[in-house]
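Fold and geometry: a report
The chain contents come next:
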Amino acid sequence: IMEGALEAQMWSDAVNQNNKTALLAWVKETGIQLVQVNGQRKYGGPPPDWIGEPPPSGSEVFIGKLPQDIYENKLIPLFQSVGKLYEFRLMMTFSGLNRGFAYAKYSNRRSAQIAIASLNNFEVQKGCPIMVCRSTEKCELCVDGLSSSVEQGQLRTLLQEVTTGVLNISLYPSPSRKGRQLAVLKYNSHRAAAMAKKTLVEGNLGLYGEEIEVDWLKLDMKQKLRASSERTFPASLQPGGSESGIPSQVPGDAMMCPFPQTLCVLDYLNALCKKQRLGIPVFLTKCVQANPDGWLRFWYQVVIPGYPSPFSGFMWIKPDKSGLSGHDKAKNAIALQLLKTLGCPVV
């Protein structure tokens, strides 16, 4: 076994030897640090002189159709020529050749756009044009096959032990496995999601003794789950009822708070969260039903960055002459409910 491993290593070292030597010389000359981990070689993330938060979503480009014998000594200077790099990742094979693709993350979205405009179809070698396009940066995973007894809090605790960066967990009845649940896991970055996928798949992790299937959340599945969650809302539930213990409608004239502005409840919630250093709440609302008598049913999800889990549900709203749109009125009613949930009622 030792002899076979030594032969494999000698063969690997001999592949593309001239370019490997040139890469080592460039690394020594520039002092740049390259780290190889999980089948990729990485520069930066962050680079040595970086100060502040990571770049926003949309700052990364995908690089495809790379000749397999080219390395960072050629690629990093090329992609740095159009903007400041935050990170560069080259996918590698066991032999030391690259796998034909890489990712370059810039300090801002504008630099990524310039890279796409300038370097797509650029010939890195004679007759070898490369492809440069926006990276999708997928951040959501689909975990199918969970027991119907698994709860969101239990799942979050387990995932926080074996993965990092999980932001949100949503549970749905599995569309394909009767009596099971499907979880949608949202992570704070593509890398965190990719590492979580690798851990859950390659670790053959059985959650609570169940066999699970883990994959990226695809658009058709996302649409199917959304449609399913809307259909499960009982049509007989009228304004003034409730769902999952959450009041479905709060009359606009019942809202009172220390602020006189029209959007007072929302302002109060934002101010309170800011004071408690929880971050500003992010609201997602969608009108999913309109009744003949004017009532509107909104689906909502609210993420408070410093709170362990998001709030979601449905809310009935009846527009009035206050000048607020249905979405703004829904946000006010939702904000009022959140204040009560957080132990800070304002009525």
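First, a word on scope: everything that follows refers to the structure included in this document. (Residues numbered from 1 in each chain as written. Predicted model: local features only at pLDDT ≥ 70, side-chain atom pairs only at ≥ 80, totals over all residues. Heavy atoms only, no water.)

1. What to know about the overall build of the protein
Of the regular secondary structure elements, the protein holds nine helices and 17 strands. The buried share among the 347 residues of the protein stands at 42%. Long-range contacts, defined as pairs at least 24 residues apart, comprise 62% of the intrachain contacts of the protein with a sequence gap of at least 6. With an accessible surface of roughly 19200 Å², the protein has 53% of that area assigned to carbon and sulfur atoms. (Helix = DSSP H or I, 4+ residues; strand = E, 2+ residues; numbered from the N terminus. Buried < 20%, exposed > 50% of the residue type's maximum accessible area, 1.4 Å probe, protein only. Contact = heavy atoms within 4.5 Å. Areas by Shrake-Rupley, 256 points an atom, 1.4 Å probe, with all protein chains shown as cover.)

2. So, the packing of aromatic side chains
By the definition in use, this model includes five aromatic pairs. Relative to Tyr103, the ring of Phe101 has its centre 6.2 Å away and its plane inclined at 85 degrees; by these criteria the two rings are edge-to-face. No difference in accessibility class separates Phe101 from Tyr103, as the two residues are buried. An aromatic cluster is present here, built from Phe62, Phe101 and Tyr103 joined pairwise through their rings. (Phe/Tyr/Trp six-rings, centres within 6.5 Å; stacked < 30°, edge-to-face > 60°.)

3. Regarding unusual backbone geometry
With an omega dihedral of 5 degrees, the bond running from Gly45 to Pro46 counts as a cis peptide bond. Structurally, Pro46 can be placed in the loop between strand 2 (40–44) and strand 3 (60–64). Positive phi, close to 60 degrees, is recorded for Lys65, a residue that is not glycine. You can see Lys65 is positioned in the loop between strand 3 and helix 3 (72–80). On the accessibility criterion, Lys65 (61% relative accessible area) is exposed.

4. Details of the nonpolar core
One finds Ile63, Phe79, Phe88 and Tyr106 to be the most contacted residues of the largest nonpolar core, which totals 29 residues. Elements supplying a minimum of two residues to this core: helix 2 (17–30), strand 3, helix 3, strand 4 (85–92), strand 5 (98–106) and helix 4 (109–119). What Tyr106 contacts, discounting residues up to four positions off in sequence, is Pro55, Ser59, Val61, Phe79, Val82, Gly83, Lys84, Leu85, Tyr86, Ser111, Ala112 and Ala115. Listed in part, the 21 residues of the second largest apolar core include Leu296, Ile317, Ala330 and Leu339. (Core = buried A, V, L, I, M, F, W, Y, C linked by side-chain atoms within 4.5 Å.)

5. Let's talk about the environment of Leu141
On the secondary structure map, Leu141 appears in strand 9 (residues 140–147). Sequence separation between Leu141 and Ala193 is 52 residues, and the spatial gap between their C-alpha atoms is 7.0 Å. In contact with Leu141, not counting residues within four places along its chain, are Ala183, Val184, Leu185, Tyr187, Ala193, Ala196, Lys197, Asp215, Trp216 and Leu217.

6. Quick word on the sheet that holds strand 8 (residues 131–134)
Sheet strands pair via backbone hydrogen bonds, and the direction of the pair is either parallel or antiparallel. Pairing in this open sheet of six strands is antiparallel, and the strands run 1-2-4-5-3-8 from one edge to the other. The open sheet has two edge strands, strand 1 (35–37) and strand 8, and neither has a second partner. Neighbour to neighbour, the strand axes of the sheet diverge by 20 degrees on average, direction disregarded. Where strand 4 and strand 5 come together, six bridges link them in antiparallel fashion. Residue Met92 lies in a different strand from strand 5, and its bridge partner there is Asn98. Most of the contacts of helix 3 go to strand 4, to which it runs at about 145 degrees, and overall it touches strand 2, strand 3, strand 4, strand 5 and strand 8. (Pairing = 2+ DSSP bridges. Axes fitted to C-alpha atoms, helices over the stretch in contact; angles between N-to-C directions.)

7. Considering helix 2
Compared with the 20 Å implied by 1.5 Å per residue over 14 residues, the 20 Å span of helix 2 between its first and last C-alpha is a close match. Residues of helix 2 that are buried include every one of Lys20, Leu23 and Trp26, and no others. Buried positions in helix 2, seen along its axis, are confined to an arc of 120 degrees and lie on one side of it. Away from its buried face by more than 90 degrees, helix 2 exposes Asn18, Leu24, Lys28 and Glu29. Just downstream of helix 2 lies Gly31, where phi reads positive at about 75 degrees. (Expected span 1.5 Å × (residues − 1). Arc of directions from axis to C-beta.)

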